[in-house]
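# Tertiary structure, described
Each chain, written out:
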There are 2 protein chains.
Amino acid sequence: MATKGERTRDHILGEASRLVQRKGIGATSVGEILAAAGVHKGSLYFHFRDKEEIGREVIRQAADRFLGFVDRSLTGTTPRMALENFFAAALAYHRGTGFTGGCLFGNTALETGDADPGMAALVDEVFVAWMDRIARTIADGQRSGEFRDDVPARDLAQQVVATLEGGIMLSRLRKKAAPLERCIENLKIFLHAAVPARGLRTRRR
Amino acid sequence: MATKGERTRDHILGEASRLVQRKGIGATSVGEILAAAGVHKGSLYFHFRDKEEIGREVIRQAADRFLGFVDRSLTGTTPRMALENFFAAALAYHRGTGFTGGCLFGNTALETGDADPGMAALVDEVFVAWMDRIARTIADGQRSGEFRDDVPARDLAQQVVATLEGGIMLSRLRKKAAPLERCIENLKIFLHAAVPARGLRTRRR
């Protein structure tokens, strides 16, 4: 069972996490975290050295939750089904938020990419771990013949992650599913090595 | 010739633009704009109602410059060459910044997408105008047989923009060209309707 101190620490982190998800790390002040958590300054600084340490811990906890979500949803009877299940779960998650908040790691990458190399490295680890999982599934699907194999699995995995990040941004901007949905449909076409109509016609001549 | 008032207004906007590109709209204060421009409060408020008006004008001016850049670089002897020239120019631009700053419109979309519908609409106009230009080039290339035509040109154009935004974010995070470069190479493969190796093998059986 968690001690009182551990519960207080988790409670502060939970409130900090909500603020960071909504406003970003830069715009979240220690004062707001104190007010949201309803704790005194002394209690917060007993558990955390500074706001930077809270920010790093928020990202670490969110990374654990997100990679767990990837592991749970990236499963299926075939690699292609596994990837499509992950796509559907990601779309459902963002639909559930009304396309607010976006991707915490993408947001933090843009916010801290230039200014805070330590945080940038931490966020990059999350992207690398995410891409590794996608790349393993794609490599399995290349071996089974479900995915195109003329592009390395890790490059295809990077394309998936970059395109999802851009699609999440556009859907968040418009508060509509369509941009992210279309990005996913196009990724499926790109990955599945479907021979395009024109290619077929040219070949038949 | 610009009047003294117009020159002051342009000067304030130029300094505001540099601050917003580096720090984002939220983190840029009126005090910093005053300090950077070396003007008094009264002068700034003579030209602009509030920080929001400065922010909108910064985005409008940046949009004009960016769409001019797209028009100039999205040219070539064929639609495919035009798109590849645009890709090369975009990569060269971000390489020139050392992959700092990222995309002002993507940054502003993430920063204001949830909180400021007026700014979100303004940024969305930039994305729409950008996608329209890309879609026209792709449609031309579909008619000439250079691009795949089994996906509508506007969906392919959205894929280009979303993937570039994600690639710029990853390159900015790592301060390396590789993520954006790979995104562009994969977009070329996706657009060019290259028949993948596995598709050919399956077809020959």
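Conventions adopted
- Residues numbered from 1 in each chain as written.
- Chains lettered and ligands numbered in written order.
- Predicted model: local features only at pLDDT ≥ 70, side-chain atom pairs only at ≥ 80, totals over all residues.
- Heavy atoms only, no water.
- Phe/Tyr/Trp six-rings, centres within 6.5 Å; stacked < 30°, edge-to-face > 60°.
- Helix = DSSP H or I, 4+ residues; strand = E, 2+ residues; numbered from the N terminus.
- Buried < 20%, exposed > 50% of the residue type's maximum accessible area, 1.4 Å probe, protein only.
- Least-squares fit on C-alpha atoms with pLDDT ≥ 70 in both.
- Contact = heavy atoms within 4.5 Å.
- Domains from an automatic or database assignment.
- Buried area = accessible area lost by both parts, 1.4 Å probe.
- Polar contact = N/O pair within 3.5 Å; in protein donor to acceptor, adjacent residues only side chain to side chain.
- Nonpolar A, V, L, I, M, F, W, Y, C, P; charged D, E, K, R; others polar.

## Notes on the packing of aromatic side chains
Overall, the coordinates contain 15 aromatic pairs over all chains when judged by the stated rule. With a centroid separation of 6.3 Å and 70° between ring planes, the pair formed by B:Phe86 and B:Trp130 is classed as edge-to-face. One end of the pair, B:Phe86, is in helix α5 (residues 79-96); the other, B:Trp130, is in helix α7 (residues 117-143), with 44 residues separating them in the sequence. On the accessibility criterion, B:Phe86 (1% relative accessible area) is buried. Overall, B:Trp130 belongs to the buried group, its relative accessible area being 4%. Three or more aromatic residues link up through ring pairs in this structure, and these residues are A:Phe66, A:Phe69, A:Phe86, A:Phe87, A:Phe105, A:Phe127 and A:Trp130.

## Description of unusual backbone geometry
Trans is the prevailing form of peptide bonds, just as negative phi is the prevailing case for residues other than glycine. If you check the backbone angles, A:Phe99 has positive phi at about 55° while not being a glycine. Locating A:Phe99 in the fold gives a position in the loop between α5 (79-96) and α6 (104-112).

## Describing the relation of the copies chain B and chain A
The two copies are related by a screw motion: chain B maps onto chain A through a turn of 180° and a shift of 0.0 Å along the axis, at an RMSD of 0.0 Å. Both copies of the chain, as the preceding transformation shows, are related through a two-fold rotation axis. Here 100% of the contact residues of chain B are again contact residues in chain A; the copies associate through an equivalent surface.

## Some details on the domain arrangement of chain A
Residue and element names in this part refer to chain A. Segmentation of chain A into domains returns domain 1 (1-48) and domain 2 (57-195). Each of domain 1 and domain 2 has a C-alpha centre, and the two are 29 Å apart. Tallying the contact residues gives 11 residues for domain 1 and 11 residues for domain 2. Counting the surface lost from both domain 1 and domain 2, the interface buries some 870 Å², and carbon and sulfur atoms represent 56% of this. Taken together, the connections running from domain 1 to domain 2 amount to two residue pairs in polar contact (both at pLDDT 80 or more). Its residues assigned to classes, the side of domain 1 that touches domain 2 shows five nonpolar, four polar and two charged.

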